Amino acid sequence: MINSPILIVGGGAAGMAAALSARKRLSELLPGGEAGNCITVLERESEPGGVLRQCVHHGFGLTRFSSDLTGMEYMQRFAGPFAASGISFLPDTSALEAYPDKTLLAVGPKTGRCRIHFEHLILASGCYERSFQSLTAAGTRPSGIYTAGEAQYLINRCHAGIGEEAVILGSGDMGQILARRMILEGKKVLAVIEKNSVCGGLLKNRRDCLEKYRIPVILSSTIASVHGEGRLAGVTVRNIRTKEEKYISCDTLISAVGLIPERRILKGLGQDGRLPDWISLCGNCHHVHKIVDSVTLQAEETGKAAAEKLAFSVLSGLSKA
């Protein structure tokens, strides 16, 4: 059994911000103590940073730091102080399930399969992507189909070529950013498909990604079927209103069809849709934020509140003693 008064699941932007804020507040309320020893951050990857590690584009930090940073640069604003904070960090460690007795089942190379006891749990686990397979498109499922996050990771982190001629399903921010990235890689983006009658995402991204590079957008449409054996050969695009169909030959399909807050380790803990007061959600697992700046601002408030609860409990115990 590992004991950590404040346990944070997720070492991305939200997790690091919450941990640093909690440490700062604990140091203020309980001077002389080792605040870092009261906090543990679990991260399933080998290093902190989360999805920011694969974001090489600008647009981060405009609110939080009044600077136009890349995702990696934004991450470093937290990763440096986090590494020097003394906060316990468990990389390559997956959280499996949280229990009503304030323990969490985790597994990792340093811990093995273990239970971690905590007083307050902060879930900063972000989101997972809705896969193309969850949609109702007919046809085959050949290679060449990626979610936006997978495509971004392969291009930016692995420097892999994922295809030459792409169709992107979903015109939200991720879809637009991937469309631009493919163009900058020297590839063709034949169309961005959007089910709604207007393009999604932030206006800034629409201008910088779609309009600047003249990427075609097909509105009020979806992908009705996928074609190809072995490798993707093309997709059939259907207008939702008129039912008119059009075939587009392509070798790559990137789906950017939505994010789902990652809360599966809390299954069975909530009653009437409410979680126990010893669990807090922050960042995108609370709700999907438009920008990472608001993720970290919310996480800092969450970490501060958790530290204040812990300090109140400690001080109350001392006064009773």
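Above: the structure in question.
These remarks concern the structure in this document. (Residues numbered from 1 in each chain as written. Predicted model: local features only at pLDDT ≥ 70, side-chain atom pairs only at ≥ 80, totals over all residues. Heavy atoms only, no water.)

**As for the sheet that holds strand E8 (residues 103-108)**
To keep things clear, this is the line we draw: Two strands qualify as a pair provided DSSP detects at least 2 bridges between them. Secondary structure elements are defined from DSSP: runs of H or I of at least 4 residues count as helices, runs of E of at least 2 residues count as strands, and each element is numbered from the N terminus.
Taken together, four strands build an open sheet; the order of strands is E1-E9-E8-E7 and the sheet is mixed. In the strand order of this sheet, the two ends are held by strand E1 (2-3) and strand E7 (94-99), each with one partner. Bridge count for E8 against strand E9 (residues 112-117) is six bridges, and the pairing is antiparallel. In the strand pairing of E9, alanine 106 is matched with cysteine 114.

**Some words on the pairing of strand E10 (residues 120-123)**
Here is the rule: Think of it in three bands: residues with accessible area under 20% of the maximum for their type are buried, residues over 50% are exposed, and the middle band is partly exposed, with areas taken using a 1.4 Å probe on protein chains only.
Neither face of E10 is left uncovered, since the one carrying His120 and Ile122 and the one carrying Leu121 and Leu123 both have all their residues buried. Direction of pairing for strand E2 (residues 6-9) relative to E10: parallel, over a ladder of four bridges. Looking at E10, one finds that isoleucine 8 is bridged to isoleucine 122. As defined by bridge partners, E10 adjoins strand E22 (residues 279-281) across three bridges and the pair is classed as parallel. Looking across to E22, one finds that leucine 123 is bridged to leucine 281.

**Examining the side chain of serine 220**
Here serine 220 is to be found in the loop between strand E16 (217-218) and strand E17 (221-227). Look at serine 220 and you get buried, because its relative accessible area is 5%.

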